[in-house]
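# Topology and contacts: notes
This is what each chain is made of:
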Amino acid sequence: MSKELNPKLKTAMTIFLLVVLGAMIGWVYEMLFYRIDMGHFIRRGQGGPWLPIYGFGALGLTLATYKTKPGPVKVFLITCVGSFIIEFSTGWFLYNFMDGLRLWDYNTEIWNWGNIGGYVCARSILIFGILGLLYSKWAIPGFFKMADKLSKKAFLAIVIPTAVIFFSDIVFSYMLKPLFFK
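Summary of the structure given here.

How each quantity is defined
Residues take numbers from 1 onward in each chain, read along the sequence in its written order. pLDDT decides what is reported in this predicted model: residues at 70 or higher carry local features, side-chain atom pairs at 80 or more are listed and counted, and totals for whole chains, interfaces and linings draw on all residues regardless. The side-chain values count all of the structure's non-hydrogen atoms but skip hydrogen atoms and water molecules. In this text, buried Ala, Val, Leu, Ile, Met, Phe, Trp, Tyr and Cys residues form a nonpolar core when linked through side-chain atoms within 4.5 Å. The buried label goes to any residue with under 20% of its type's maximum accessible area, the exposed label to any with over 50%, and the partly exposed label to all in between, with areas taken from a 1.4 Å probe on protein chains only. Every helix listed is a DSSP run of H or I at least four residues long, and every strand listed is a run of E at least two residues long, numbered separately from the N terminus. Only heavy atoms enter the contact rule, under which two residues are in contact if any of them lie within 4.5 Å. Salt bridges, as used here, are contacts in which a Lys or Arg side-chain nitrogen is within 4 Å of a carboxyl oxygen on Asp or Glu.

## Regarding the nonpolar core
If you look at the biggest cluster of nonpolar residues, it comprises 14 residues, and the most contacted ones within it are Tyr-29, Tyr-54, Tyr-106, Ile-125 and Phe-128. Contributions of two or more residues to this core are made by helix H1 (7-38) and helix H4 (122-149). With five residues, H1 is the largest single contributor of residues to this core. Aside from chain neighbours lying at most four places away, what touches Phe-128 is Tyr-29, Tyr-54, Thr-79, Ser-83, Glu-87 and Tyr-106. By size, the runner-up hydrophobic cluster in this structure holds 13 residues, among which are Val-20, Ala-23, Ala-147 and Phe-155.

Printed below as a string of structure tokens:
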């Protein structure tokens, strides 16, 4: 076994950790937002402390910026446009092709100006733009620096358990739980 990981594999694993981080940041954001909106905490998501849709957004932002390192205005715009596309298309798809399923509905929330069909609103897009700036400035370079500094063994000791927990939770929450717990 080689002393170092293949650089492409190490990059993919680092991006995976960034996806999990993005999913966790989304979970925290929603927990805090709904605490303000409803006056009490509301459990968001199905399983662990993450929301996979935010992970997809983090993946898109990471892939769009980690090599080119665009300036802050461009990152803000990439994040706003990307989050609009992900939210609107996912919300529309779920509603129209999954028997009216709504995982979120901006029609019922505070500060929902710029609301389009309950799928997307300007408040969320602007917050995602700001979070995207912070994420691209600190999280992306920080995780790549961490990956470069850690030994292969230490890096795998972080990545493998994270992957097992994350994917097991998704499989249980979205595939197995509905079969056994109704």
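## Topic: the side chain of Ser-83
Inspection of the secondary structure assignment puts Ser-83 in helix H3 (residues 72-97). By relative accessible area, which is 11% here, Ser-83 ends up buried. What Ser-83 contacts, discounting residues up to four positions off in sequence, is Ile-125 and Phe-128.

## So, the pattern of salt bridges
What the rule picks out here adds up to four salt bridges. Among the salt bridges present, the one from Arg-123 reaches Glu-109, with a minimum N-O distance of 2.7 Å. In this pair, Arg-123 sits in helix H4 while Glu-109 sits in the loop between H3 and H4, placing the two residues 14 residues apart along the sequence. In this structure, Arg-123 and Glu-109 share a single accessibility class: buried.

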